[in-house]
Amino acid sequence: MSTPRFLDLPPGVSPKRIETPEGVFAALEALPGSGLPDRWPALLVPGYTGSKEDFLSVLQTLAQAGRRVVAVDLRGQYETPGPDDPAAYTCAALGRDVDSLVAVVGGGEPVHLLGHSFGGLVTRETVLDGTGKLASYTLMSSGPAGMVGAREVAGRRMLEKMPELGLEAMWTEKMEPDALRAGVPEEIVAFLRRRLFANSLVGLECMGRAVLDADDRVDELAETGLSMLVLYGEHDDGWPPRLQAEMADRLDCECVVVPGAVHSPAVEAPETTAAALTRFWNAAESTMLAR
């Protein structure tokens, strides 16, 4: 779970509802100070139990480089409603949702796509189906397959309790104690609770299983020829940094390790993260335009 440091929208950032053939998605949109983007847009997709607010710390900075930047809630997350149909929450189904968002956000232009954590498992489906017009792809604090290690153990234990205890167990046993132990301000704790309980329970169960049981599709990604970046915190406690570095090697792509960050570089080191993304996106655009 990413924990935003603040909730007030920075200048140039505003809430939006993005209408697509797959449904309506809640979003935050950041525009350059001039209001006139002169670079290709970016679409940011959050992880499990996350939301568009996970990117609040980087949206303004990313937009000031001259592009429209959009962060979304996936289907069933926070302010984007979702059905009680498990089929809506597979990585493939959510990837098709992202496809529709790419088409609308891009408006005919290529889009820089980023997936954080579970969002990486979703967005790689978007990349692999090949229908979206993409400029680049960034895997942020995500891995080659399902999550491993201590988070996997905790996740499986929580999923066992969820059908009986619902979201209350996730909040009282994990999220609230972690937030209070970390000294998270009261208003942010209230937001975390509100966000969690706004999620679809069916969606969280299905997405939880997906983030633990996803197959390795790195070799397929490597064959797409798309410009890619692997970015993660040096102390990542989701997927081990070693696994993410190996994934970058397999993709033959750039790998950025964010000093001091853990599993949420956009929150924990926003300036470093935004600078790395802007540099990568600009280079990817230059490469595509030179072809």
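Sequence order sets the numbering: in each chain, residues are counted from 1 along the sequence as written. Predicted model: local features are reported for residues with pLDDT of at least 70 only, side-chain atom pairs are reported and counted for 80 or more only, and whole-chain, interface and lining totals are derived from all residues. Based on all heavy atoms of the structure, the side-chain values leave hydrogens and waters out of the count.

## Topic: the packing of aromatic side chains
And then number 1: The pairing test for Phe, Tyr and Trp rings, Trp by its six-membered ring, is centres within 6.5 Å, and the orientation test on the planes gives stacked under 30 degrees, edge-to-face over 60, and tilted for anything in between. Per the stated rule, a full pass over the model turns up one aromatic pair.
And then number 2: Geometrically, the ring pair formed by Tyr78 and Phe191 is edge-to-face, given 5.6 Å between the ring centres and 90 degrees between the ring planes. Placement of the pair is Tyr78 in the loop between β4 (69-72) and α2 (91-106) and Phe191 in helix α6 (residues 186-198), with a sequence separation of 113 residues. Assigned by exposure class, Tyr78 and Phe191 land together as buried.
And then number 3: As a reminder, the over-ring test applies to NZ of lysine and CZ of arginine, requiring each to be within 6 Å of the ring centre and within 35 degrees of the ring normal. A cation over a ring is seen here: Arg193 above Phe197, with NZ or CZ 4.4 Å from the ring centre. Helix and strand definitions follow DSSP, with helices as H or I runs of at least four residues and strands as E runs of at least two, each counted in order from the N terminus. To sort residues, take the accessible area from a 1.4 Å probe on protein chains only and compare it with the maximum for the residue type: under 20% means buried, over 50% means exposed, and anything in between is partly exposed.

## Digging into the pattern of salt bridges
And then number 1: Any Lys or Arg side-chain nitrogen found within 4 Å of a carboxyl oxygen on Asp or Glu counts as a salt bridge. In the structure shown here, the tally under the stated rule is 22 salt bridges.
And then number 2: As a salt-bridge pair, Lys52 and Glu79 come within 2.7 Å of each other at their nearest N and O atoms. With a gap of 27 residues between them, Lys52 in the loop between β3 (42-45) and α1 (56-63) and Glu79 in the loop between β4 and α2 connect regions that are remote in the sequence.
And then number 3: Where Glu254 meets Arg279, a salt bridge forms, and the shortest distance between an N and an O atom there is 2.6 Å. Placement of Glu254 in strand β8 (residues 254-258) and of Arg279 in helix α11 (residues 270-290) is noted, with a sequence separation of 25 residues between them.
And then number 4: According to the relative accessible area criterion, Glu254 is partly exposed, its value standing at 32%.

## Some words on the sheet that holds strand β1 (residues 13-20)
And then number 1: Note: two strands are recorded as paired if DSSP finds a minimum of 2 bridges between them. Here eight strands make up an open sheet; going across it, the order is β1-β2-β4-β3-β5-β6-β7-β8 and the pairing mixed. Edge strands, defined here as strands with exactly one partner in the open sheet, are β1 and β8. On average, adjacent strands in this sheet sit at an angle of 25 degrees to one another, irrespective of strand direction.
And then number 2: Examined bridge by bridge, strand β5 (residues 111-116) and strand β6 (residues 134-140) share six bridges and lie parallel to one another. Its bridge partner being in β6, Val111 is matched across the sheet by Leu134.
And then number 3: Contacting β6, β7 (228-233) and β8, helix α9 (residues 241-251) crosses the sheet at an angle of about 170 degrees to β7. The axes used here are C-alpha line fits, helices contributing only the stretch in contact, and every angle between their N-to-C directions lies in the interval 0 to 180 degrees. Contacts were defined at the residue level, with two residues in contact if any of their heavy atoms lie within 4.5 Å.

## Things to note about the nonpolar core
And then number 1: One finds Leu43, Tyr48, Val72, Val98, Leu113, Phe118 and Leu251 to be the most contacted residues of the largest nonpolar core, which totals 60 residues.
And then number 2: The residues touching Leu251, leaving out its near neighbours within four places in the chain, are Leu139, Val218, Leu221, Ala222, Met228 and Val230.
And then number 3: Core analysis: the next-biggest nonpolar cluster, separate from the first, contains 27 residues, Leu62, Val256, Ala266 and Phe280 among them. We define a nonpolar core as any set of buried Ala, Val, Leu, Ile, Met, Phe, Trp, Tyr and Cys residues linked to one another through side-chain atoms lying within 4.5 Å.

## Re the packing of helix α5 (residues 167-181) against α6
Any two packed helices are characterised by the angle at which their axes cross and by the distance between the axes.
And then number 1: Two numbers describe how α5 lies on α6: the axes approach to 11 Å, and their chain directions differ by 155 degrees. As judged from the angle between their axes, α5 and α6 are roughly antiparallel. Pair α5 / α6 crosses with right-handed handedness. Residues Leu167, Glu168, Met170, Trp171, Met175, Ala179 and Leu180 of α5 form the contact with α6, whose own contacting residues are Val189, Leu192, Arg193, Leu196 and Phe197.
And then number 2: Of the residues contributing to the contact of α5 with α6, the split by class is ten nonpolar, no polar and two charged. Orientation labels follow simple angle bins: below 35 degrees gives roughly parallel, above 145 gives roughly antiparallel, 65 to 115 gives roughly perpendicular, and whatever is left gives oblique. Two helices cross in a left-handed way if the nearer one is turned anticlockwise from the farther one by less than a right angle. They cross in a right-handed way if the turn is clockwise. Charged means Asp, Glu, Lys or Arg here, nonpolar means Ala, Val, Leu, Ile, Met, Phe, Trp, Tyr, Cys or Pro, and polar covers whatever is left, Gly included.

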